[in-house]
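Overview (structure and organization)
Take a look at the letters that make up each chain.
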Amino acid sequence: RADDATTSMIRDMLSAEDELLGILDPIRRKPLTGQRIRRHGDYRLDEVFVVDGALIIEDFSGDHGRPLSERRLRGSPLRDVAQMLRSLDYLALTSSAGVPQARPWAAAWSERMCSEFVSGYLSAIGDAGILPDDPDSIDDLLNAFMVSRALQELSWELRTDPTRASVPALGLRRYLGRAPLFTRE
């Protein structure tokens, strides 16, 4: 069972449905450029390894909780980027749980790592033509995918381990500008 603070955050998210959907408005209002490609589909920190100085990305079979036909669909590579950003956030949030004085450090680490990851990703992609041409469209898609991922995480945690539901709930609160990251357990 989720604790009272988490239950309160989840109620807040339920009442903020229109605001969460508002984050999707920019991608619903205008056509987006870019390509749909084969994606990893479940890109998280635990899928990436460094072996003998080489970066190894494991298991391109996608989220095993989804049907194979769905996992084979092509999509925006920014969905994988959003999954990694949520994974970095998840690590920071869980590592500072129960240690209030660690929260500012964890928040700074998360922001820095997410920024570095996106910068490195965009630099590596360069002019490959797979992302939208407009930087605002890239931001809009990334925001939408991050909210979608946080909602998936929240659903997963509520089903499997409600005591951890605060992690995605805090991420959603931040996307809505409700409270800074790491202000509650």
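Description of the environment of D63
Structurally, the position occupied by D63 is in the loop between β2 (54-57) and α4 (68-71). A residue is classified by how much of its surface remains accessible, and D63, at 25% relative accessible area, is partly exposed. Sequence separation between D63 and G41 is 22 residues, and the spatial gap between their C-alpha atoms is 6.0 Å. Setting aside chain neighbours within four positions, we find D63 in contact with G41, D42 and R71.

Description of the pattern of salt bridges
Taken as a whole and judged by the stated rule, the model has eight salt bridges. For R44, the salt bridge goes to E47, with nearest N and O atoms at 3.3 Å. Taking the relative accessible area as the measure of exposure, R44 reaches 23% and is therefore partly exposed. E47 gets classed as buried once you look at its relative accessible area, which sits at 6%. Here D89 and R86 are joined by a salt bridge, their closest N and O atoms 3.1 Å apart.

Some thoughts on the pairing of strand β1 (residues 48-51)
Note that β1 and β2 share four bridges and pair antiparallel. In the strand pairing of β2, V51 is matched with A54. The hairpin turn running from β1 into β2, its antiparallel successor, is two residues long, and D52 in that turn takes a positive phi close to 50°.

Quick notes on the environment of D46
With respect to the helices and strands, D46 occurs in the loop between α3 (25-29) and β1. Sequence-wise, D46 and S15 are 31 residues apart; in three dimensions their C-alpha atoms are separated by 33 Å. Polar contacts involving the side chain of D46 include one to the side chain of R44, which spans 2.8 Å.

Description of unusual backbone geometry
We note that D52 has phi near 50°; this positive angle belongs to a residue other than glycine. Mapped onto the secondary structure, D52 falls in the loop between β1 and β2. Among the residues examined, D52 registers a relative accessible area of 81% and is labelled exposed.

Here we look at a nonpolar patch on the surface
Residues V50, L55, I57 and F60 make up a contiguous nonpolar surface patch of roughly 390 Å² in combined accessible area. Note on placement: L55 falls in strand β2.

Re the packing of helix α1 (residues 4-15) against helix α8 (residues 166-175)
One can describe the packing of α1 onto α8 by two numbers: an axis separation of 10 Å at closest approach and a directional angle of 45°. As judged from the angle between their axes, α1 and α8 are oblique. Considering the relative orientation of α1 and α8, their crossing is left-handed. From α1, T6, M9, D12 and M13 reach across to α8, where they touch S166, A169, L170, L172 and R173.

Re the nonpolar core
L20, I23, V147, L154, L172 and L176 are the most contacted members of the largest nonpolar core, which has 17 residues in total. Counting only elements with at least two residues in this core, the list comes to α1, α5 (78-95), α7 (135-160) and α8. The biggest single contributor to this core is α8, with four residues. The next biggest cluster of nonpolar side chains, apart from the first, holds 16 residues, and it includes Y43, V81, L85 and F145.

The rules behind each value
- Residues numbered from 1 in each chain as written.
- Predicted model: local features only at pLDDT ≥ 70, side-chain atom pairs only at ≥ 80, totals over all residues.
- Heavy atoms only, no water.
- Helix = DSSP H or I, 4+ residues; strand = E, 2+ residues; numbered from the N terminus.
- Buried < 20%, exposed > 50% of the residue type's maximum accessible area, 1.4 Å probe, protein only.
- Contact = heavy atoms within 4.5 Å.
- Salt bridge = Lys/Arg side-chain N within 4 Å of Asp/Glu carboxyl O.
- Pairing = 2+ DSSP bridges.
- Polar contact = N/O pair within 3.5 Å; in protein donor to acceptor, adjacent residues only side chain to side chain.
- Patch = residues over 30% accessible without salt bridge, like charges linked within 9 Å, V, L, I, M, F, W, Y side chains within 5 Å.
- Areas by Shrake-Rupley, 256 points an atom, 1.4 Å probe, with all protein chains shown as cover.
- Axes fitted to C-alpha atoms, helices over the stretch in contact; angles between N-to-C directions.
- Parallel < 35°, antiparallel > 145°, perpendicular 65-115°, else oblique.
- Left-handed = near helix turned anticlockwise from the far one by under 90°.
- Core = buried A, V, L, I, M, F, W, Y, C linked by side-chain atoms within 4.5 Å.

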